[in-house]
Amino acid sequence: MDIVPLDCLQAGETGRIADIEGGAETVTRLAEIGLQNGALVRMVQPGSPCILALDNQRLSFRPEECTHVFVEVVPAGAITI
């Protein structure tokens, strides 16, 4: 499987979080909103702002935050969220 920065996902693509880089404060803040290793996210809208689906919520990120999150791309149809 390919591991890419979160902002490389296209609209509708799903990824499993593989790594989050950054300072402890940034990583902790992202974990508090559900972005943790193993979590599944679906790209709703790439770009600025980047909008993700995570569980039953939508999250909005600036592009520089997206580049700290790396995902393993999940093949289409393998998992739906």
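What counts as what
- Residues numbered from 1 in each chain as written.
- Predicted model: local features only at pLDDT ≥ 70, side-chain atom pairs only at ≥ 80, totals over all residues.
- Heavy atoms only, no water.
- Helix = DSSP H or I, 4+ residues; strand = E, 2+ residues; numbered from the N terminus.
- Pairing = 2+ DSSP bridges.
- Axes fitted to C-alpha atoms, helices over the stretch in contact; angles between N-to-C directions.

**Q** Got a minute to help me understand unusual backbone geometry in this structure?
**A** Glycine aside, residues mostly have negative phi angles, and peptide bonds mostly take the trans form. A cis amide bond links Ser48 to the next residue, Pro49, at an omega of 5°. The residue Pro49 is located in the loop between strand S3 (40-45) and strand S4 (50-54) in this model. A positive phi angle, near 55°, is found at Asp55, a position not held by glycine. Inspection of the secondary structure puts Asp55 in the loop between S4 and strand S5 (57-61).

**Q** For this particular structure, what's the right way to read the pairing of S3?
**A** Regular strands place side chains that alternate from one sheet face to the opposite one. In this sheet, S3 lies alongside strand S2 (residues 14-20) in antiparallel orientation, the contact comprising three bridges. The residue bridging Arg16 from the neighbouring strand is Leu40, located in S3. Once S3 ends, the chain turns through four residues before running back antiparallel as S4, passing Gly47 with a positive phi of about 105°.

**Q** Please clarify how the sheet that holds strand S6 (residues 69-74) should be interpreted in this entry.
**A** The strands making up a sheet associate through hydrogen bonds between their backbones, and the pairing can be parallel or antiparallel. If you walk across this open sheet you meet the six strands as S1-S6-S2-S3-S4-S5, and the pairing is antiparallel. Because the sheet does not close on itself, it has two edges, and the strands there are strand S1 (3-5) and S5. Pairwise comparison of adjacent strand axes, ignoring direction, gives a mean angle of 45° for this sheet. Looking at chain direction, S2 and S6 are connected through six bridges and run antiparallel. Bridge assignment links Ile17 to a residue of S6, and that residue is Val71.

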